[in-house]
Amino acid sequence: MKIAQIAPLYESVPPSGYGGTERVVSWLCESLTDLGHDVTLFASGGSRSKAKVITFRDQPLRTDPAICCDPADHIMMLNTVRKMADDFDVIHFHTDLFQMPFFEDYAHKTVTTLHGRLDLKSLPEFYDQFNTFPLVSISEHQRRAAPMANYIGTVYHGLPLDTYKPNLNNDQEYVAFLGRFSPEKGAEKAIAIAGEVGWPIKLAAKICRQSPANEVYYNTLIEPQLGKPGIEYIGEIGDKKKNEFLGNAKAVLFPINWPEPFGLVMIEALACGTPVIAFDCGSVPEILEDGVTGFIVKTQEAAVEALKRIDTLDRRVIRDRFEKRFSSKVMALSYCNLYETLMQRDDEAAAASIVSWQHLAQTTGIKGV
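From a predicted model like this one, the values you see are computed outputs, not experimental measurements. (Residues numbered from 1 in each chain as written. Predicted model: local features only at pLDDT ≥ 70, side-chain atom pairs only at ≥ 80, totals over all residues. Heavy atoms only, no water.)

Some thoughts on the sheet that holds strand β10 (residues 231–233)
Pairing between the strands of a sheet comes from backbone hydrogen bonds, and it takes one of two forms, parallel or antiparallel. As summarised here, the arrangement of the six strands in space is β10-β9-β8-β11-β12-β13, forming an open sheet in which the pairing is parallel. Two strands close off the open sheet at either side, each with one partner strand: β10 and β13 (294–297). Direction aside, the axes of adjacent strands within the sheet are offset by 20° on average. Across seven bridges, the pairing between strand β8 (residues 175–181) and strand β9 (residues 201–207) is parallel. By the bridge assignment for β9, Ala 176 is matched with Lys 202. Running at roughly 175° to β9, helix α4 (residues 187–197) makes contact with β8, β9, β10, β11 (251–254) and β12 (276–279) of the sheet. (Pairing = 2+ DSSP bridges. Helix = DSSP H or I, 4+ residues; strand = E, 2+ residues; numbered from the N terminus. Axes fitted to C-alpha atoms, helices over the stretch in contact; angles between N-to-C directions. Contact = heavy atoms within 4.5 Å.)

A word on unusual backbone geometry
Note that the residue after Val 13, namely Pro 14, is joined by a cis bond; omega there is -5°. With phi around 70°, Arg 57 is a residue other than glycine that occupies positive phi space. Residue position: Arg 57 is located in the loop between β3 (52–56) and α2 (70–83). One non-glycine residue, Asp 96, lies in positive phi territory at about 60°. By secondary structure assignment, the location of Asp 96 is in the loop between β4 (90–93) and β5 (110–113). Owing to a relative accessible area of 29%, Asp 96 belongs among the partly exposed residues under this scheme. (Buried < 20%, exposed > 50% of the residue type's maximum accessible area, 1.4 Å probe, protein only.)

A look at the nonpolar core
Grouped together as the largest cluster of nonpolar side chains are 86 residues, with contacts concentrated most on Ile 201, Val 276 and Ile 277. Residues in contact with Val 276, not counting those within four places in the same chain, are Val 252, Phe 254, Met 266, Ala 269, Leu 270, Leu 288, Thr 293, Gly 294 and Phe 295. Of all hydrophobic cores here, the second largest spans 27 residues; its members include Phe 42, Val 81, Ala 149 and Tyr 151. (Core = buried A, V, L, I, M, F, W, Y, C linked by side-chain atoms within 4.5 Å.)

Notes on the sheet that holds strand β2 (residues 38–44)
Overall, parallel pairing links the seven strands, which are arranged β3-β2-β1-β4-β5-β6-β7 in an open sheet. Of all the strands in the sheet, the pair left with one neighbour each is β3 and β7 (151–154). Adjacent strand axes in the sheet meet at a mean angle of 20° when their direction is disregarded. Both strand β6 (residues 135–137) and β7 contribute to a ladder of three bridges, which runs parallel. When the bridges of β7 are listed, Ser 137 appears paired with Thr 154. With respect to the sheet, helix α1 (residues 20–34) is in contact with β1 (2–6), β2 and β4, its orientation differing from that of β2 by roughly 160°.

As for the packing of α4 against helix α5 (residues 212–222)
For the pair α4 and α5, the least separation of the axes is 10 Å and the interaxial angle reads 20°. Judged by the inter-axis angle, α4 sits roughly parallel to α5. Note that α4 runs across α5; the crossing there is right-handed. Here Ala 187, Glu 188 and Ile 191 of α4 lie close against α5, whose contacting residues are Tyr 217, Leu 221 and Ile 222. (Parallel < 35°, antiparallel > 145°, perpendicular 65-115°, else oblique. Left-handed = near helix turned anticlockwise from the far one by under 90°.)

Description of the environment of Pro 229
Looking at where Pro 229 falls in the secondary structure, it is placed in the loop between α5 and β10. Residue classification places Pro 229 among the exposed positions, given a relative accessible area of 81%. Linking Pro 229 and Ile 201, residues 28 residues apart in sequence, is a C-alpha distance of 9.6 Å.

The analysis is restricted to geometry; functional conclusions fall outside its scope.
See below:
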């Protein structure tokens, strides 16, 4: 198949630091190419892939010191994709909704993966208005806010098996938090949980100063604690440093307080053989197997008790469950099944149209069919 993958322009593909969507797009492109497909990636400057790469901008939006107009850059990229649309069997968008007004006549050959939360005002109405676009959710829970949208499947994220090597004999005693400093991610709860058990915590997180709410959260609840005994902030890290950071941890704490659509941190931890203690929100019950790959809890107190018995979980089993459920090959094959289904529908629709026109010609005398 000839497949176009359209990434957001906020980060390079793959990203150098924080950036979940762009990281998933990278893994998908690599796996689809390994499976023998002809893949073209549309992404920001600095992107690299086994696929053909067409870049826009000289650098990702997030690292550009200039004041930028995000919609302008994305619209220019989509205009290029629109001009090339006939070159592809499938056009796979990871840009949420920017593309839809421009591709209504090509909706039948597009796939749009929804990477973000859907419980935002106007989104259900938007996807209802553009209901000819086939949508892919990244968890079943994600769909609840917009249940009538045109979903054609749910595909969980996956990463290459060799991205992280599991640490099956971990003898260190610290817990890890990986993500960004924002109220919904719950870093302050992770610090409190580790403190109650008496274990040190290491935090690898992005500081989000663009949002006033995140700025206040960081300044009041996080920054005053950094550097205290047992609390170590190591900054924002990329894939190369994650293996050691996650693999050496006794557990990864994921005390979220929002409807997480997926939670890439969880499967990155599982790839390292590291169990996850997560609050029962969003996709968590779909990703974690309670008592097998981690513990799903409802309160901070329950998280403390779960951390005390974290050594009852088998790190080899955790890695095995990751390989069966969350490899990038599993993800790519799932998408291929959806692509083929769409192409089959398109062929059937075209065949039905030809039959209809042939019937019309026979009954009315119209020629040229």
